Amino acid sequence: MNVELLTKASAEFERVVTELPDNSWELPTPCEVSVRELVEHVVEGNRFAVAVLAGAGAAEAWAAVRAQANGPDAVQESAAEQLTAFRQAADDQTVHHPGGDITAEAFLRYRLVDVVVHAWDLLSSAGLDETLDAGVVDGLWALVEPKLTEMLAFGSYGDGPSGTPKASVQSTLLDAFGRQV
């Protein structure tokens, strides 16, 4: 598993959160939730990953996540816990995801997309420079492009790709996961 890419993606998400202006927390995002709610979603996803990688079922994992404080102050801590959980997991370990059982390796791809695409969502919503770390973007695209059809069939990525060729790897990645930029 490419846990090193998750390390870099998590650092990029943390960078974005620290750059958010104080007046941006209630702004809408492309996900139809506020900036604050989207940050909380990523924190909850990080904590959900920890629970399911430890063997919890999806319902049990969500119950544990919702019992914790999941605000913006938990971004760094939850990311570190998620990284530890993925480092301890075997590639073929079964993860009990709400969409069905998948391997830890497949789950890592979903978490990476969540962290990276939502980092862009935050930048876009706050009116900041939308450029993400090129190494993270390139690494993620190389990882997900061969599995794109399988990932899109999962049904979590909005309208999916537009079908229009894009000029950069970042716009291709974002477009593939429903961000028509």
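Since this is a predicted model, take the numbers as computed values, not measurements.

Rules and cut-offs
- Residues numbered from 1 in each chain as written.
- Predicted model: local features only at pLDDT ≥ 70, side-chain atom pairs only at ≥ 80, totals over all residues.
- Heavy atoms only, no water.
- Phe/Tyr/Trp six-rings, centres within 6.5 Å; stacked < 30°, edge-to-face > 60°.
- Helix = DSSP H or I, 4+ residues; strand = E, 2+ residues; numbered from the N terminus.
- Buried < 20%, exposed > 50% of the residue type's maximum accessible area, 1.4 Å probe, protein only.
- Axes fitted to C-alpha atoms, helices over the stretch in contact; angles between N-to-C directions.
- Parallel < 35°, antiparallel > 145°, perpendicular 65-115°, else oblique.
- Left-handed = near helix turned anticlockwise from the far one by under 90°.
- Contact = heavy atoms within 4.5 Å.
- 1 Å grid on protein atoms, 1.4 Å probe; cavity = no way out; pocket = protein on both sides within 12 Å on 5 of 7 lines; lining within 4 Å.
- Points joined across faces, edges and corners; volume = space filled by probe spheres on them.
- Nonpolar A, V, L, I, M, F, W, Y, C, P; charged D, E, K, R; others polar.

Draft legend 1. Representation of the packing of aromatic side chains. Across all of its chains, the model carries three aromatic pairs by this definition. Ring geometry for Phe48 versus Trp62: centroids 4.4 Å apart, planes at 25 degrees, classification stacked. Separated by 14 residues along the polypeptide, Phe48 in helix α2 (residues 35-53) and Trp62 in helix α3 (residues 58-66) bring together distant segments of the chain. Arranged with centres 5.8 Å apart and planes meeting at 35 degrees, the rings of Phe86 and Phe107 form a pair that is tilted. One end of the pair, Phe86, is in helix α4 (residues 75-88); the other, Phe107, is in helix α5 (residues 104-126), and 21 residues separate them in sequence. Pair check on accessibility: Phe86 and Phe107 agree, each one buried. Taken together, the ring pairs in this structure connect Phe48, Trp62, Phe86 and Phe107 into an aromatic cluster.

Draft legend 2. Spatial organisation of the packing of helix α6 (residues 134-144) against helix α8 (residues 169-176). Contact geometry for α6 and α8: axes closest at 9 Å, N-to-C directions at 50 degrees. As summarised for this structure, α6 and α8 are arranged oblique, according to the angle between their axes. Once α6 is placed against α8, the crossing between them reads as left-handed. Between α6 and α8, the residues in contact are Val137, Asp138, Leu140, Trp141 and Val144 and Val169, Gln170, Thr172, Leu173 and Ala176, respectively.

Draft legend 3. Representation of the layout of surface pockets in the model. Empty space within the largest pocket amounts to approximately 540 Å³. What lines the largest pocket is a set of 23 residues, and nearest its centre among them are His41, Asp114, His118, Ser156 and Tyr157. Going through the elements one at a time, α2 and α5 are the ones with two or more residues in the lining of the largest pocket. If you tally residues by element for the lining of the largest pocket, the top one is α5, at seven residues. Across the lining of the largest pocket, the residue classes tally to 12 nonpolar, seven polar and four charged.

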